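Each chain, written out:
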Amino acid sequence: QVQLVESGGGSVQLGGSLRLSCSTSGILFSIYPMSWYRQAPGKQREFVTQIAPDGTARYADSVRGRFTVSRDNADNTVSLQMNDLKPDDTGMYYCFARLAGQLGDWGPGTQVTVSS
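Basis of the calculations
- Residues numbered from 1 in each chain as written.
- Predicted model: local features only at pLDDT ≥ 70, side-chain atom pairs only at ≥ 80, totals over all residues.
- Heavy atoms only, no water.
- Core = buried A, V, L, I, M, F, W, Y, C linked by side-chain atoms within 4.5 Å.
- Buried < 20%, exposed > 50% of the residue type's maximum accessible area, 1.4 Å probe, protein only.
- Helix = DSSP H or I, 4+ residues; strand = E, 2+ residues; numbered from the N terminus.
- Contact = heavy atoms within 4.5 Å.
- Disulfide = S-S within 2.5 Å.
- Phe/Tyr/Trp six-rings, centres within 6.5 Å; stacked < 30°, edge-to-face > 60°.
- Lys NZ or Arg CZ within 6 Å of the ring centre and 35° of its normal.
- Salt bridge = Lys/Arg side-chain N within 4 Å of Asp/Glu carboxyl O.

Colleague: What is the right way to look at the nonpolar core in this model?
Modeller: The tendency in soluble globular proteins is for nonpolar side chains to be buried side by side. Ranked by internal contacts, the top residues of the largest apolar core, which has 26 residues, are Met 34, Trp 36, Phe 67, Val 78, Leu 80, Met 82 and Tyr 93. Elements that contribute at least two residues to this core include exactly β3 (18-25), β4 (34-39), β5 (46-51), β7 (67-72), β8 (77-82), β9 (91-97) and β11 (110-115). With near-sequence residues (within four places) excluded, Val 78 lies in contact with Leu 20, Ser 21, Cys 22, Phe 29, Met 34, Trp 36, Ile 51, Val 69, Ser 70, Arg 71 and Cys 95.

As structure tokens, this is what we get:
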């Protein structure tokens, strides 16, 4: 059974930082591309970042230069360091694991709130 569990969310002020983590079980983590998505109230879920098994990362334009994704294949976790946070970064952040051809699996999410 696949399980993804996010942690590390919270409330910060403009310019603050948070570090999210996603612990996984039930998958061969080292071969999975891992992604982070977020969803603000009243908006569609949007892509934030993805890290490939080899550590190659890509980012949404809105977070590039402020967010850094990393993975620990020994610990089956993926992390997201978020710096210089803005109110537009507010939302529920979700971890997503998917191999090509699969539907993928989501975590329950962790809330990030940035106040001005």
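Colleague: For this particular structure, what's the right way to read the state of the cysteines?
Modeller: Structurally, a disulfide amounts to a covalent bond that connects the sulfur atoms of two cysteines. One pass over the full model with this rule turns up 1 disulfide. With its sulfur 2.2 Å from that of its partner, Cys 22 forms a disulfide with Cys 95. With the S-S bond torsion at -85°, the cross-link from Cys 22 to Cys 95 turns out left-handed. Of this pair, Cys 22 sits in strand β3 while Cys 95 sits in strand β9, placing them 73 residues apart in sequence. For the pair Cys 22 and Cys 95, a shared accessibility class is recorded, and that class is buried.

Colleague: Hey, could you run me through the packing of aromatic side chains in this one?
Modeller: The description of two aromatic rings rests on the distance between their centres and on the angle between their planes. Scanning the model with the defined rule gives 5 aromatic pairs in all. With a centroid separation of 5.7 Å and 80° between ring planes, the pair formed by Tyr 37 and Phe 47 is classed as edge-to-face. Note that Tyr 37 is positioned in strand β4 and Phe 47 in strand β5, a separation of 10 residues in sequence. Ring centres of Tyr 94 and Trp 106 lie 6.2 Å apart, and the angle between their planes is 90°; on these two criteria the pair is classed as edge-to-face. Of this pair, Tyr 94 sits in strand β9 while Trp 106 sits in strand β10 (residues 105-106), and the two are 12 residues apart along the sequence. The partly exposed category is assigned to Trp 106, whose relative accessible area is 38%. Of note, Arg 45 hangs over the ring of Trp 106, and the distance from its end group to the ring centre comes to 4.5 Å. The cationic tip of Arg 71 hangs over the ring face of Phe 29; the distance from NZ or CZ to the ring centre is 4.5 Å.

Colleague: Would you mind going over the pattern of salt bridges with me for this structure?
Modeller: Counted according to the given criterion, the structure contains 4 salt bridges. Between Asp 89 and Arg 38 there is a salt bridge, with the nearest N and O atoms lying 2.8 Å from each other. With Asp 89 in the loop between β8 and β9 and Arg 38 in strand β4, the pair connects residues that are 51 residues apart, well separated along the chain. Among the salt bridges present, the one from Asp 89 reaches Arg 66, with a minimum N-O distance of 2.8 Å. Of the two residues, Asp 89 sits in the loop between β8 and β9 while Arg 66 sits in the loop between β6 (57-59) and β7, which places them 23 residues apart along the sequence. No difference in accessibility class separates Asp 89 from Arg 66, as the two residues are buried.

Purely geometric numbers; function is a separate question.
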